[in-house]
Amino acid sequence: MKKILNKEMAMPYLGDPKRTIEVLKKYEFVFQKRFGQNFLIDSHVLAKILKAADIGENDFVLEIGPGIGTLTQHLAAAAGKVTAVEIDPALIPVLEDTLQDFPNAEVVHSDILKMDLKKLAEEKSQGRPMKVVANLPYYITTPILMELLEKKIPIDSITVMVQKEVAKRMCVGPGSKDYGALSLAVQYYAEPSIIASVPPNCFMPRPKVGSSVIQLKIYEKPPVAVQDVHLMFQLIRASFNQRRKTLANGLLNYEGLSFQKEEIQQALEECGFAPNVRGESLRLEEFARLADAFARQLE
Ligand code: SAM
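Residues numbered from 1 in each chain as written. Predicted model: local features only at pLDDT ≥ 70, side-chain atom pairs only at ≥ 80, totals over all residues. Heavy atoms only, no water.

Help me out: how do you make sense of the environment of Phe 60 in this one?
You can see Phe 60 is positioned in strand E2 (residues 60–64). Distance from Phe 60 to Arg 128, taken between C-alpha atoms, is 8.0 Å for residues 68 residues apart in sequence. (Helix = DSSP H or I, 4+ residues; strand = E, 2+ residues; numbered from the N terminus.)

Rendered as structure tokens:
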């Protein structure tokens, strides 16, 4: 009951340039480039993120990099509980202030890349899949997304702001120059969709690149069946490691794999692929078939 009363009283107020400047001035905050700090100052973009994330009062939300707490306030107003992990010590007193009316928002001062997120999800979310929402610091986009996807952490969806180019890479298939290991990894674990395109003037300071909000809806079961997922991702990495080479040469030269030329030829033939096929032309389902062909050789 107490929590509901508090939630009714607490109204998000951050989300425009004026309020952001007020907070920054009050704390004489100095932006740290190395932490990828570009704070969101556009209420329309915030509304789009919140609508897509579809947060309800039973949800546990993990926010990565709350900054001064703009998105955090909005998340806390909708969610049951929010844990926001922030690396910059200078932002901790700011967040204590801006989140004081949101008792269901907890700030953890830590580097998200060093945390055991599976344990965090188990402790905070009581077994329910959590929702991850963030305006990500761009320098950690790939490592943090791979950690969230690969570690079998119970997650319902990931709704994040990323660099526009990276969002594109996550969504495309064969035939696009942006198609690569990240596309396949994301598409094995989740269904990606681009929610919004966000220009630099929606942030303070303005980033040099365009941004997109992307949502990854995590599959309960991956869309393709494969005997050895690790082997499939090794094949994927090997084939995109040397994009200009044929898949056969890519696999032969890849350090992590030790298949002989004849074994590679046999696997390609079994899958009905031409000997000079390139990895960039194969779909996820085709990589899965290839991994199964190699797995059979290892049996
Ligand atoms: N959410 C805020 C907003 O939208 O205005 C800030 C977003 S800003 C792009 C990224 C935030 O992530 C910054 O507050 C930065 O200090 C924080 N950050 C950077 N690296 C981090 C890390 N490894 N772990 C946790 N937070 C990090």
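What is the right way to read the environment of Ile 155 from this model?
Structurally, Ile 155 is set in strand E6 (residues 155–163). Between the alpha carbons of Ile 155 and Lys 217 there is a distance of 8.7 Å; along the sequence they are 62 residues apart.

Could you clarify how one ought to interpret the pairing of strand E3 (residues 81–86) in this entry?
For a regular strand, side chains alternate in direction, first toward one face of the sheet and then toward the other. Of all 6 residues in E3, 5 are buried, a share of seventy percent or more. Relative to E3, E2 runs parallel, the two sharing 5 bridges. The residue of E3 that forms the bridge with Glu 63 is Ala 84. Read from E2 through helix H4 (residues 70–78) to E3, the crossover connection turns out right-handed. Examined bridge by bridge, E3 and strand E4 (residues 105–109) share 5 bridges and lie parallel to one another. (Buried < 20%, exposed > 50% of the residue type's maximum accessible area, 1.4 Å probe, protein only. Pairing = 2+ DSSP bridges. Right-handed = clockwise from strand over helix to strand, strands pointing away.)

Would you explain unusual backbone geometry in this entry?
Apart from glycine, the bulk of residues carry a negative phi angle, and the bulk of peptide bonds sit in the trans form. Geometrically, the link from Met 204 to Pro 205 is a cis peptide bond, its omega value of -15° lying close to zero. With respect to the helices and strands, Pro 205 occurs in the loop between strand E8 (203–204) and strand E9 (211–218). Of note, the phi angle at Glu 28 is positive, near 45°, even though the residue is not glycine. Looking at the secondary structure, you find Glu 28 in the loop between helix H2 (17–26) and strand E1 (39–40).

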